[in-house]
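Residue-level listing of the chains:
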Amino acid sequence: MKSFALLSLFVTMPLSAQNMADTTATDWERLLKLKEVVVVGARTVVKQAPDRIVYLTKNDQYAKGMNVLEALGRIPRVSVVNDLVAVAGKNSVRYIIDGHLMDMSDEAMVMRLKNLQASGIEKIEVLTTPPAKYAAGNNVAYISITSRNESLGTRGNVWGNGNFRESFSYLIGGNASHTTRKVELSADASWNDSKGINDLDRTYTFLDYTKTSKRSTDYTNRILGANGLFKYKFTDNLKAGIILNYYTNRLSSRLQDATTDRDMVSKSVNNSPSRPNNALTVTIFSDWAIDPKGKTLSLTYNYFDKQTQSFSDVTTSVNGEAKRLSNTGDNKYHIHSAKLDAVMPLKSLRIEAGMAYTNIGNNTALDVHHQQNDSWALAKQQSNAFDYNESTLAAYVGAEKNFTKSFFGKAGLRYESTRTEGCQRIDGKKNNDNYQHLFPTISISWNSLKAGRLSFSYSMGIERPNFNDLNPYKYYTTTSDYVSGNPNLQPSIAHNAEINYSFKGLYAVLYYSYNADAIGYVTRFNANGSQCTMPENHINSNKTGLYASCYQSLFGWWSMNLGGEVFHTYAKSKLADYRDAEDSGWSGKMELSTSFMLNSQKNLVLDVRFNHHIPYHERIIQYEAMSLLSCDVRYTLLNNRLTLTASVSDPFGWNVTKSTARYQDYNVYTRNDIHSHSVSLRVSYRFGGNKVNNVYRDTKQHESNRAN
């Protein structure tokens, strides 16, 4: 990776360069805004800031024609597989778009990222140690996306994608924005009609016999997502706006299962027609710049409402005798949150402080009916209704300082007090909890023009159970196989530390994470032969790893990113269910992504990506090796407005997950094939002006978030 002819790739970030968005604006970036000419050899694409990785999308010629989801895979430490984004050494990922934290499901977020074009993005930042202003999470990485909406006028894009597997699926979408010196408007919408197959085979090996289950699910999922933003600039110091996010999907599926247990063969069919699944998020925000020195005050209110209905009709036949039942579910939950943030830059120190309140309400009901003599009867012992309420009060303070031109420090402390109330309406059983925690974060960075940048960070987080894991109802996939939640689940505390190093295209991180009383899923067999899987707090685990990658741009027409990871995992269970209470092992992965310019005009690009995962252990489960391969060809024309893309994913069917869990009385081998092999064609067209007028753009990351 080359740098500007007159400037180094890594420069110290002055205190005044950091804006309220926690985004990085360094000296050489500000030079781009000057009127005098700057001689450029090659543009910097990736750089390491004191507390994050910065990917300058606008400078990457190989990202031409990509959407943002595809562009994320070009960032060191970030991988994108089957539309799932992962950061090495981190458990999960959350997204910030133009300063607003996205409270959306994974599916909705994927649609949103596909709707954004890399050509409209200024930069993408990966925060591996989030500051105290964000809700404490379990080893979470934040990806902040800053768009290039500085241009006045109207612009946008439309796109469509066809995907060929066993069935044809398609996606269409588009977005448009209009900006004046007072008003900013933007909207986007997308529609996804996807079909697929998921095969799940399980083999249970007992001391004296073997039980097998072969399961195949055909599904159709139709998703509509829409987003809108309105922002108004009352004065140079006061701005306010509203963001709306709407997501709805209709999922229908047909599951077929054949189970052989000794001499008994049972066949099951589970039909689940589509039911409404709707979610709405409303964010109202106001930002006030108190003085020219950078003192600001921000107020944000979030409302989230989701309603999900489900139904499944399950029939199991054993030796010609059929049993039939139905699951009818209704899930409603809403979130109210408010957050007040303040930024107080002092002469030699920058301080952030704030407080937040979040309330979550969840009401779930599941009715199970059995068919008896051509009539349906409610199974009272299997049906349930669950009410859950969670409220969290939080306060935080953080400070950062450049001690010298080479030495930077950042520290924060967050306090969260949470109260939960759960009640099963069927029998009146209640589960209440009240807990408080302090969550410190610290980041220290040292930079040398000759030796590179070295940084250390530590953070403490919490993993709260999700709603499905807390709900105690039983959901049947066959008449003898069900999953159940556990209202007694407790949050678990996590500790995370890492050391980062980067220099001239080389990036490396040594990381460590520890999780106490983590949630694991345990399968048990009942006396009547049925099996139940439910979550429990029973695992203490840690993971230590080293990830390294090297990026090089060669000959002006070839770029290559070669990376690898080696890690050691350890887990210990407090339950007597497992054959070995302790489990540990070494593993790793190799990754290669390379791009070629296939013509002199540099508008025909070939991308090839390959990943190989060595067998590994995770939370008492052993996973086998797996390889992933994909490639695409992109052709841009009409002054980079029109892009045509052809892609091939997993052509050899290597993307199959295989695992083994060893219990006291049996082993279970699982093979899961999601049929990821596909060929797709994509076309996108960008419209609107390209002239940049350098108007004021607020990118503060001060919007509230939901406490999980």
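Report follows, based on the coordinates. (Residues numbered from 1 in each chain as written. Predicted model: local features only at pLDDT ≥ 70, side-chain atom pairs only at ≥ 80, totals over all residues. Heavy atoms only, no water.)

Concerning the overall build of the chain
This is how it is decided: Secondary structure elements are defined from DSSP: runs of H or I of at least 4 residues count as helices, runs of E of at least 2 residues count as strands, and each element is numbered from the N terminus. As defined in this context, the radius of gyration uses C-alpha atoms, and a globule is described by 2.2 Å times the residue total to the power 0.38. Think of it in three bands: with a 1.4 Å probe and only protein chains considered, a residue is buried below 20% of the maximum accessible area for its type, exposed above 50%, and partly exposed in between.
Secondary structure assignment for the chain yields four helices and 38 strands. The C-alpha atoms of the chain give a radius of gyration of 26 Å, which matches the 27 Å a tight globule of 708 residues would have. If one aligns the C-alpha atoms of the chain with their principal axes, the spans along those axes are about 85 × 55 × 45 Å. Within the chain, the proportion of its 708 residues that are buried is 52%.

Examining unusual backbone geometry
Non-glycine residue Asn-82 carries a positive phi angle of around 55°. For Asn-82, the position within the fold is in the loop between strand 3 (78–81) and strand 4 (84–87). Not every positive phi belongs to a glycine, and Phe-555 is a case in point at roughly 60°. Turning to its location among the elements, Phe-555 is positioned in the loop between strand 28 (531–554) and strand 29 (558–573). Residue Phe-555 is classed as exposed on the basis of its relative accessible area, which comes to 63%.

What about the nonpolar core?
To be explicit about the condition: The set of buried Ala, Val, Leu, Ile, Met, Phe, Trp, Tyr and Cys residues whose side-chain atoms join them within 4.5 Å is what this entry labels a nonpolar core. Contacts between residues were defined by any pair of non-hydrogen atoms, one from each residue, lying within 4.5 Å.
Of all hydrophobic cores here, the largest spans 35 residues; its most connected members are Leu-72, Tyr-95, Ile-124 and Ile-143. If you list the elements that add at least two residues to this core, you get strand 2 (52–55), helix 2 (68–72), strand 4, strand 5 (92–97), helix 3 (106–115), strand 7 (121–127), strand 8 (140–147) and strand 27 (506–525). Sorting elements by how many residues they give to this core places helix 2 first, with four residues. Residues within four places of Ile-124 in sequence aside, it is in contact with Ile-53, Val-54, Tyr-55, Thr-57, Val-68, Leu-72, Ile-75, Ile-143, Ser-144 and Ile-145. In terms of nonpolar packing, the next biggest core, distinct from the first, is built from 14 residues, Tyr-209, Ala-518, Ala-661 and Tyr-663 among them.

Observations regarding the pairing of strand 38 (residues 678–688)
Here is the rule we go by: Strand pairing is defined by DSSP finding a minimum of two bridges between the two strands.
Examined bridge by bridge, strand 9 (residues 153–164) and strand 38 share ten bridges and lie antiparallel to one another. Residue Gly-156 lies in a different strand from strand 38, and its bridge partner there is Phe-687.

Re helix 3
Of all ten residues in helix 3, eight are buried; the element is thus mostly enclosed. Listed as buried for helix 3 are Ala-108, Met-109, Val-110, Met-111, Arg-112, Leu-113, Lys-114 and Asn-115.

Quick word on the pattern of salt bridges
For the record, the criterion: Any carboxyl oxygen of Asp or Glu within 4 Å of a side-chain nitrogen of Lys or Arg constitutes a salt bridge here.
Evaluated as defined, the whole model comprises 31 salt bridges. Residue Arg-350 pairs with Glu-400 through a salt bridge whose shortest N-O separation is 3.6 Å. Note that Arg-350 is positioned in strand 18 (residues 350–372) and Glu-400 in strand 20 (residues 384–402), a separation of 50 residues in sequence. Exposure remark for Arg-350: the relative accessible area of 5% places this residue in the buried category. Shared partners join several salt bridges into a network, and the residues in it are Asp-51, Arg-52, Glu-125, Arg-350, Glu-352, Glu-400 and Lys-410.

Observations concerning the side chain of Asn-655
Put simply, the test is: Polar contact is defined as a pair of N or O atoms within 3.5 Å, subject to the rule that within protein one atom must be able to donate a hydrogen and the other to accept it, and that residues adjacent in sequence are counted only when both atoms are side-chain atoms.
With respect to the helices and strands, the residue Asn-655 is situated in the loop between strand 35 (642–649) and strand 36 (656–662). Judged by relative accessible area, which is 7%, Asn-655 ranks as buried. There is a polar contact of 3.2 Å between the side chain of Asn-655 and the side chain of Ser-676. With residues near it in sequence (within four places) discarded, Asn-655 still touches Val-81, Asn-82, Met-626, Ser-627, Leu-628, Asp-650, Asp-673, Ile-674 and Ser-676.

Brief notes about the sheet that holds strand 5
One open sheet holds the six strands; their spatial order is 1-2-7-8-5-6, and the pairing between them is mixed. Whereas interior strands pair on both sides, the edge strands pair on one side only; in this sheet they are strand 1 (46–49) and strand 6 (100–101). As paired elements, strand 2 and strand 7 share three bridges and run antiparallel to each other. Note that in strand 7 the partner of Ile-53 across the bridge is Val-126.

Considering the side chain of Ser-587
With respect to the element layout, Ser-587 can be found in strand 30 (residues 582–597). Using a relative accessible area of 6% as the deciding quantity, one classes Ser-587 as buried. Side-chain polar atoms of Ser-587 contact the backbone oxygen of Ile-614, separated by 2.9 Å. Ser-587 has contacts with Glu-565, Val-566, Phe-567, Ile-614, Pro-615 and Tyr-616, leaving out every residue within four places of it along the chain.

Topic: a nonpolar patch on the surface
Where we set the bar: To count toward a patch, a residue needs a relative accessible area above 30% and no salt bridge. Like charges then connect within 9 Å, nonpolar side chains (Val, Leu, Ile, Met, Phe, Trp, Tyr) within 5 Å. Areas reported here follow the Shrake-Rupley algorithm with a probe of radius 1.4 Å; residue values treat only the protein chains shown as occluding.
A surface patch of nonpolar side chains, amounting to about 1100 Å² of accessible area, comprises Phe-403, Phe-407, Ile-442, Ile-444, Trp-446, Leu-454, Phe-456, Ile-499, Leu-510, Leu-546, Val-566 and Trp-586. When residues of the nonpolar patch are traced back to their parent elements, those giving at least two are strand 22 (430–448) and strand 23 (452–463). With three residues, strand 22 is the single largest residue contributor to the nonpolar patch. With respect to the secondary-structure elements, Trp-586 resides in strand 30.

Some details on the environment of Phe-403
Assignment of secondary structure puts Phe-403 in the loop between strand 20 and strand 21 (407–424). The class for Phe-403 is partly exposed, based on a relative accessible area of 47%. Between the alpha carbons of Phe-403 and Leu-349 there is a distance of 9.4 Å; along the sequence they are 54 residues apart. In this view, Phe-403 contacts Phe-408 and Gly-409; residues no more than four positions away in its chain are not counted.

Description of the pairing of strand 18
As judged from the 21 bridges shared by strand 17 (residues 321–345) and strand 18, these two strands associate in the antiparallel manner. Bridge assignment links Met-344 to a residue of strand 18, and that residue is Ile-351. The hairpin formed by strand 17 and strand 18 contains four residues between the paired strands. In this structure, strand 18 lies alongside strand 20, joined through 17 bridges in antiparallel fashion. Note on strand 20: the bridge partner recorded for Asn-359 is Ser-391. Bridge count for strand 18 against strand 19 (residues 375–378) is four bridges, and the pairing is antiparallel. Bridge pairing in strand 19 links His-369 to Leu-378.

Read these as spatial facts, not as claims about activity.
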